[in-house]
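Chain by chain, the residues run as shown.
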Amino acid sequence: AGFGWRMNIAIISSFAAKESLVGTLGAIFSSQGVNDTADDKGLSISMAEQSGWTVWHALAILGFIAMFPPCLATLVMIRHETWSNRLTAFAGIYPIILGFILAVCVFQFGQLI
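First, a word on what this report is: a plain description of the structure on this page. Nothing here was measured: the structure is a model prediction, and the numbers come from that model.

1. A few points about a nonpolar patch on the surface
Thought 1: Taken together, the side chains of Met67, Leu87, Phe90, Tyr94, Leu98 and Leu102 present a nonpolar region at the surface, about 520 Å² in accessible area.
Thought 2: Ranked by the residues each element gives to the nonpolar patch, the list is headed by helix H6 (residues 85-112), at 5 residues.
Thought 3: You can see phenylalanine 90 is positioned in helix H6.

Listed below in structure tokens is the structure:
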């Protein structure tokens, strides 16, 4: 799917809440001194230059996160309301697998083009 170690760390942190993915990426890139340049190009341009991300990387990430389970609190509420560990596991695992398949398809399609 074209995810590097930085994106994988951000995805792991987004189990708590999806919006933490952006904050984690910002923290990872700013801690590596990316924004300390004299011209201060901005985080998005620095991320693209340093990691080599393309539009297809971005689309794959967007597709993956769109299918990703909402947050840990939602899974807790699914367990609380349904009293089913199996349904809770399905609600957590199935979207991850579906999102990864979508991300791989989008990224590989982009590589073919």
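2. A few points about the nonpolar core
Thought 1: Among the nonpolar cores identified, the biggest contains 16 residues, and Phe3, Met7, Ile11, Leu21, Leu25, Phe64 and Ala103 are the most heavily contacted of them.
Thought 2: If you tally residues by element for this core, the top one is helix H4 (residues 55-67), at 4 residues.
Thought 3: Here phenylalanine 3 is in contact with Asn8, Ile11, Ala60, Ile61, Phe64 and Ala103, once residues within four sequence places are set aside.

3. Regarding the environment of alanine 91
Thought 1: Here alanine 91 lies in helix H6.
Thought 2: Measuring from C-alpha to C-alpha, the distance between alanine 91 and proline 69 comes to 7.3 Å, with 22 residues separating the pair along the chain.

4. Re empty space enclosed by the protein
A water-sized probe, rolled over the atoms, reveals where empty space remains.
Thought 1: Overall, the coordinates contain 1 cavity of 30 Å³ or more when judged by the stated rule.
Thought 2: Roughly 40 Å³ of volume is contained in the largest cavity.
Thought 3: Lining the largest cavity, in full, are Phe15, Phe68, Pro69, Pro70, Cys71, Leu72 and Leu75.
Thought 4: For the lining of the largest cavity, the residue count by class is 7 nonpolar, no polar and no charged.

5. Digging into unusual backbone geometry
Thought 1: In this structure, tryptophan 83 is a non-glycine residue whose phi angle is positive, near 55°.
Thought 2: By the element assignment, tryptophan 83 lies in the loop between helix H5 (72-82) and H6.

6. Quick word on helix H1 (residues 5-13)
Thought 1: For H1, the complete set of buried residues consists of Arg6, Met7, Ala10 and Ile11. Take H1 and look down its axis: the buried residues cluster within an arc of 135°, on one side only.

7. So, the packing of aromatic side chains
Thought 1: For the structure shown, the criterion picks out 5 aromatic pairs.
Thought 2: For the ring pair phenylalanine 3 and phenylalanine 64, a centre distance of 5.7 Å and an interplane angle of 65° mean the geometry is edge-to-face. Taken as a pair, phenylalanine 3 in the segment before H1 and phenylalanine 64 in helix H4 lie far apart in primary sequence, 61 residues in all. The residues phenylalanine 3 and phenylalanine 64 share a single accessibility class, namely buried.
Thought 3: Following the ring pairs from residue to residue traces out a cluster consisting of Phe3, Phe15, Phe64 and Phe68.

Criteria and thresholds
- Residues numbered from 1 in each chain as written.
- Predicted model: local features only at pLDDT ≥ 70, side-chain atom pairs only at ≥ 80, totals over all residues.
- Heavy atoms only, no water.
- Patch = residues over 30% accessible without salt bridge, like charges linked within 9 Å, V, L, I, M, F, W, Y side chains within 5 Å.
- Areas by Shrake-Rupley, 256 points an atom, 1.4 Å probe, with all protein chains shown as cover.
- Salt bridge = Lys/Arg side-chain N within 4 Å of Asp/Glu carboxyl O.
- Helix = DSSP H or I, 4+ residues; strand = E, 2+ residues; numbered from the N terminus.
- Core = buried A, V, L, I, M, F, W, Y, C linked by side-chain atoms within 4.5 Å.
- Buried < 20%, exposed > 50% of the residue type's maximum accessible area, 1.4 Å probe, protein only.
- Contact = heavy atoms within 4.5 Å.
- 1 Å grid on protein atoms, 1.4 Å probe; cavity = no way out; pocket = protein on both sides within 12 Å on 5 of 7 lines; lining within 4 Å.
- Points joined across faces, edges and corners; volume = space filled by probe spheres on them.
- Nonpolar A, V, L, I, M, F, W, Y, C, P; charged D, E, K, R; others polar.
- Arc of directions from axis to C-beta.
- Phe/Tyr/Trp six-rings, centres within 6.5 Å; stacked < 30°, edge-to-face > 60°.

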